[in-house]
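# Overview (structure and organization)
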Amino acid sequence: MQSISRRRLARAACIAAVSLAGAMVVAAEKAGPQQPWSQYKVHDMTRPVPPVVTPGTASTPEQPGKPPSDAIVLFDGTDLSKWQAVGGGEPTFRVVDGVALSYGPKYMETKEKFGDVQLHVEWAEPAEVKGDSQGRGNSGVFLMGKFETQVLDSYNNRTYADGQCGAVYGQYPPQVNACRPPGEWQTYDIIFHHPRYEGDKLTEPAYITTLQNGVLIQDHQRIEGPTGHMHVASYPENVKLETGPIALQYHGNPVRFRNIWVRPLEALDLQQHTGQVADTTAKPAEQK
Ligand code: MG
């Protein structure tokens, strides 16, 4: 009796083991139903995996952090070789003690043009407070050379809301004022999507998401058109705005910049949604 039970148990265990192994093989090979939004099935092992990126490190007040491994480094404290004066020629900004000082008479812009990006910029307002309203620590980060995210010393400095630090200038104030006191290093982490067109027709405006010092201040905010002063923004007709340089504004105030890097997003977006492997994502960071 006892030996029969043992045999049954052993046989049952054997069957269970074989079944489990079979189930594991099936789980590894058999995908689920077709996803209607992609060319892949649910849990599809043939779908290309994302590229590997080594994350960067956070900055401290004394030391800029390291960019992620796939970033294009635009300024690492050494030189402005990635930049030119707006329209061409040497930038008038100056590199002093590892920072780029906003110095006139011209804005500076990247030589390379970008569309959709993740952009990291660090800046510090002059420690010595001078001027007020728009005259205190004014600079700006321009996406595609057209769309300004305002840089201003808005720490205890009243100005018009759609022109304070973090504003889509002349259009949308930031959701909150997340400014640090003048003299302290601050960060912008910006995710920007350029306008979309079908033929010559604008179908989607530009959008911007901005974190200032880690605080969300623009949440997938629609941009109404290129930045202007004292005018209602709108998109120009018969001009497609799809790429452009990243520009930093000279507005008469010695704002300092450091640790500027960018990650183009369009090849990654294509890979994520279609599986077409991005060939621009394996670049090592150009960090020295
Ligand atoms: Mg400005």
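Definitions and limits used
- Residues numbered from 1 in each chain as written.
- Predicted model: local features only at pLDDT ≥ 70, side-chain atom pairs only at ≥ 80, totals over all residues.
- Helix = DSSP H or I, 4+ residues; strand = E, 2+ residues; numbered from the N terminus.
- Buried ≥ 20, exposed ≤ 12 C-beta atoms within 10 Å, placed from the backbone.
- Contact = placed C-beta atoms within 7 Å.
- Pairing = 2+ DSSP bridges.
- Core = buried A, V, L, I, M, F, W, Y, C linked by C-beta atoms within 7 Å.

In terms of helices and strands, the chain carries 2 helices and 15 strands. A buried classification covers 32% of the 288 residues belonging to the chain. Taking contacts inside the chain between residues at least 6 apart in sequence as the whole, the part at least 24 apart equals 61%.

Taken in spatial order, the 5 strands line up as β2-β5-β14-β7-β8 in an open sheet, and their pairing is antiparallel. At either end of the open sheet lies a strand with only one pairing partner, and these are β2 (83–85) and β8 (147–151). One ladder, built from 5 bridges, connects strand β7 (residues 139–143) with β8; its direction is antiparallel. Bridging from a neighbouring strand, F142 pairs with E148 of β8.

The phi torsion of most residues other than glycine is negative, and most of the peptide bonds are trans. A cis geometry characterises the amide bond from G104 onward to P105, with omega recorded as 15 degrees. You will see that H43, though not glycine, has its phi angle at about 60 degrees, which is positive. Inspection of the secondary structure assignment puts H43 in the loop between α1 (2–29) and β1 (72–75). Look at N156: it is not a glycine, yet its phi comes out positive at around 55 degrees.

One can find G244 in the loop between β13 (215–223) and β14 (247–248). For the pair G244 and E112, spaced 132 residues apart in sequence, the C-alpha to C-alpha distance is 7.8 Å. Dropping the residues within four chain positions of it, G244 is found in contact with K113, M144, G145 and K146.

The buried fraction of strand β6 (residues 117–124) amounts to 7 of the 8 residues, a majority that puts the element mostly inside the structure. Of the strand pairs in this sheet, β6 and strand β9 (residues 185–193) are connected by 8 bridges, and their pairing is antiparallel. Residue pairing for β9: W123 is matched across the bridge by Q186. Bridging between β6 and strand β15 (residues 256–264) involves 7 bridges; their strand directions are antiparallel. What sits directly across from Q118, in β15, is R263.

This part is about the nonpolar core. Of all hydrophobic cores here, the largest spans 44 residues; its most connected members are L119, V121, F192, I246, F257 and V262. Looking at which element gives the most residues to this core, the answer is β6, with 5 residues. Beyond its immediate stretch of four places on either side in the chain, F257 contacts F75, V99, A100, V121, E122, W123 and L248.

Note on placement: G140 falls in strand β7. Classification of G140 by C-beta neighbours within 10 Å gives buried; the count is 22. Each C-alpha atom of the pair G140 and V151 lies 4.5 Å from the other, and the pair is 11 residues apart in sequence. If near-sequence neighbours (up to four positions away) are discounted, G140 is found in contact with E148, T149, Q150, V151, Y169 and Q249.

In terms of residue burial, β7 counts as a mostly covered element, since 5 of its 5 residues are buried. Side chains of β7 alternate between two faces, with S139, V141 and L143 and G140 and F142 buried alike. The turn linking β7 back onto β8 is made up of 3 residues, and M144 within it adopts a positive phi angle of 55 degrees. For β7 and β14, the ladder comprises 2 bridges, and the chain directions are antiparallel.

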